[in-house]
Amino acid sequence: MAQPSPSSTPTAGPPASELDPLRDAAANAGRWVGAAVQSGLLAGEPEYADTVARHFNYVTAEWEMKMDPIARVQGQYDFAGADAIVAFAEAHGMKVKGHALLWHGATPAWVGDLAPAEARRVAEAYIRTVVSRYRGRVAAWDVVNEAVAEDGSGLRDTVFLRKLGPDYVAEAFRLARGADPQALLIYNDYGGEGSGVKSDRIYELVRDLRARRVPIDGVGLQMHIEAGGYPQPDEMAANVRRLVELGLVVNVSEMDVRIRNVPGTQSARLDAQRRTYRDVVAACIAQPRCHAVTFWGFTDRYSWVDGFFGPDDPLLFDEAYRAKPAFFGVQDALLGR
Ligand code: XIL
């Protein structure tokens with residue numbers, strides 16, 4: 001996870017340490033600006049830690065607050081990575097988003113072997129234990145992540161659906177609220193940022209939860225996207241509006257912008273990326289209840305995109321912690337330019 005990216009795109013932008021902090025621009029706009037981080041890099045790479053501290057007022061664990069790392073061994077909890085990230089945030093006046101309580105993509109293998117009644121006890125104990133440990137210290141939790149099927153046909157077929165039944169989503173929110181009444185409780189997913197079948201299904205899921213008085217406060221739009229593609233800003237604005245009309249807050253939760261398939265020169269690709277970052281962040285800023293934007297990393301030196309989609313340069317800073325055009329696109333949006 002912490003391997004430097006294989007691709008390298010030196011740019012001549014100023015170093016992160018010399019730029020006006022993004023977090024100041026965000027605070028002036030009344031928003032949280034965040035990044036997903038890894039505790040090993042916070043502890044081991046000063047430029048990494050300094051960039052996080054300078055530019056962000058919100059952090060999320062890229063991996064270490066998921067069930068697989070916390071509950072890798074049945075019957076034991078390991079909070080080392082999560083504690084380190086929360087401590088870093090507190091030392092630098094940042095808020096924390098916990099990510100994510102129930103996600104099929106980071107569930108320890110042993111959960112799959114449990115009988116349904118035992119799986120229910122384990123899931124309940126897990127949510128209570130983790131949320132109460134960070135009660136008052138985690139501002140928001142992604143309670144359920146990616147529960148809607150890829151094609152928008154209904155709930156995704158996961159270990160939680162099979163063992164706990166379709167009401168597991170509502171139950172997870174109730175348990176989380178019981179363990180920390182103050183934290184914002186969020187449903188998080190991808191492919192529901194703009195218009196489309198999956199976006200509609202996510203909307204219907206959270207509308208149903210609200211109608212049943214299930215304690216859900218918000219929706220996270222992951223925003224792992226390609227420059228110039230989905231979602232179009234007007235479609236995103238309309239989608240955010242309908243979610244807000246349900247009484248929810250919205251956040252952009254995992255933004256990165258791929259450019260490898262954009263035609264033209266690298267400089268044209270970086271410009272397209274700048275526009276996409278600007279347009280998405282501006283669409284959030286335009287809606288007062290879009291309270292936060294989190295990027296899924298911040299330096300092209302470390303991005304999950306390289307491993308998952310292929311080598312790319314999806315983030316705000318290059319491998320040497322210099323600002324890319326994308327950084328200025330975000331800055332412009334936060335400053336209302
Ligand atoms: C990814 C991390 O970036 C990787 O390092 C890890 O190996 C797998 O998880 N949607 C999510 C995130 O909600 O938790 C995922 O993060 C990316 C997709």
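Refer to the structure printed above.
A. How the structure looks around the site of the ligand. In the vicinity of the ligand, 13 residues are found, and the nearest of them are Glu62, Lys66, His99, Asn145 and Glu254. Between the ligand and the protein, one listed contact pairs an oxygen atom with a side-chain N or O atom of Glu62 at 2.5 Å. Within the side chain of Trp296, one N or O atom sits 2.9 Å away from an oxygen atom of the ligand. Contact with the protein chains removes 84% of the 410 Å² of surface that the ligand exposes when unbound. A class-by-class count of the residues in the shell around the ligand yields five nonpolar, four polar and four charged.

B. Structural context of the environment of Asp180. Considering the arrangement of structural elements, one finds Asp180 in the loop between helix H8 (168-179) and strand S5 (184-189). With 166 residues separating them in the primary sequence, Asp180 and Pro14 have C-alpha atoms 41 Å apart. In this structure, Asp180 is in contact with Val131, Tyr134, Arg135, Gly136 and Val138, ignoring residues within four places of it in sequence.

C. Structural detail: the nonpolar core. Ranked by size, the top nonpolar core spans 109 residues in total, and within it Trp141, Phe173, Tyr187, Met255 and Phe295 carry the most contacts. Residues contacting Tyr187, with those up to four places away along its chain left out, are Val144, Glu146, Ala147, Val148, Phe173, Ile202, Leu205, Val206, Ile216, Gly218, Val219 and Gly220.

D. How the structure looks around the pairing of strand S2 (residues 58-61). Neither face of S2 is exposed, since Tyr58 and Thr60 on one face and Val59 and Ala61 on the opposite face are all buried. The sheet contact formed by strand S1 (residues 32-37) and S2 spans four bridges and is parallel. Residue pairing across strands places Ala35 opposite Val59, the latter belonging to S2. One ladder, built from three bridges, connects S2 with strand S3 (residues 95-102); its direction is parallel. Within S3, the residue paired with Thr60 across the bridge is Lys97.

E. How the structure looks around the packing of helix H9 (residues 197-211) against helix H10 (residues 233-244). Two elements in contact, H9 and H10, have axes whose closest approach is 10 Å; the angle formed by their N-to-C orientations is 10°. Our classification of the angle between H9 and H10 gives roughly parallel. Where H9 approaches H10, its residues Ser199, Asp200, Tyr203 and Val206 are matched on the opposing element by Asn239, Arg242 and Leu243. Taken together, the residues that form the contact of H9 with H10 break down as three nonpolar, two polar and two charged.

F. Just H10, in detail. For H10, built from 12 residues, the straight-helix expectation of 16 Å at 1.5 Å per residue is met to within 8% by its first-to-last C-alpha distance of 16 Å. When H10 is considered as a whole, its buried residues turn out to be Met236, Asn239, Val240, Leu243 and Val244. For H10, the angular spread of buried residues about the axis comes to 135°, placing them on one side. Buried residues along H10 sit against H9, strand S6 (218-221), strand S8 (249-258) and helix H11 (266-285).

G. Region of the structure containing the state of the cysteines. Applying the stated criterion to the full structure yields one disulfide. Note that Cys284 is cross-linked by a disulfide to Cys290, the S-S spacing being 2.0 Å. Note on the Cys284 and Cys290 pair: the S-S dihedral is about -100°, so by sign convention the disulfide is left-handed. The buried category is assigned to Cys284, whose relative accessible area is 1%. Cys290 sits in the buried class, given a relative accessible area of 0%.

H. Structural view of the packing of aromatic side chains. Enumeration over the complete set of coordinates arrives at 15 aromatic pairs. Considering the side-chain rings of Phe79 and Tyr134, the 6.0 Å spacing of their centres and the 80° angle between planes classify their relative orientation as edge-to-face. With Phe79 in the loop between helix H4 (67-70) and helix H5 (80-91) and Tyr134 in the loop between helix H6 (116-133) and strand S4 (140-145), this pair connects stretches of sequence that are 55 residues apart. An aromatic cluster is built from Tyr48, Phe56, Phe298, Tyr302 and Tyr321, whose rings are joined through pairwise contacts. The ring of Tyr203 has Arg242 lying over it, and the distance from NZ or CZ to the ring centre is 4.5 Å. Sitting above the plane of the Phe309 ring, Arg258 keeps its charged end 3.7 Å from the centroid.

What counts, and at which threshold
- Residues numbered from 1 in each chain as written.
- Predicted model: local features only at pLDDT ≥ 70, side-chain atom pairs only at ≥ 80, totals over all residues.
- Heavy atoms only, no water.
- Near = heavy atom within 4 Å.
- Polar contact = N/O pair within 3.5 Å; in protein donor to acceptor, adjacent residues only side chain to side chain.
- Areas by Shrake-Rupley, 256 points an atom, 1.4 Å probe, with all protein chains shown as cover.
- Nonpolar A, V, L, I, M, F, W, Y, C, P; charged D, E, K, R; others polar.
- Helix = DSSP H or I, 4+ residues; strand = E, 2+ residues; numbered from the N terminus.
- Contact = heavy atoms within 4.5 Å.
- Core = buried A, V, L, I, M, F, W, Y, C linked by side-chain atoms within 4.5 Å.
- Buried < 20%, exposed > 50% of the residue type's maximum accessible area, 1.4 Å probe, protein only.
- Pairing = 2+ DSSP bridges.
- Axes fitted to C-alpha atoms, helices over the stretch in contact; angles between N-to-C directions.
- Parallel < 35°, antiparallel > 145°, perpendicular 65-115°, else oblique.
- Expected span 1.5 Å × (residues − 1).
- Arc of directions from axis to C-beta.
- Disulfide = S-S within 2.5 Å.
- Phe/Tyr/Trp six-rings, centres within 6.5 Å; stacked < 30°, edge-to-face > 60°.
- Lys NZ or Arg CZ within 6 Å of the ring centre and 35° of its normal.

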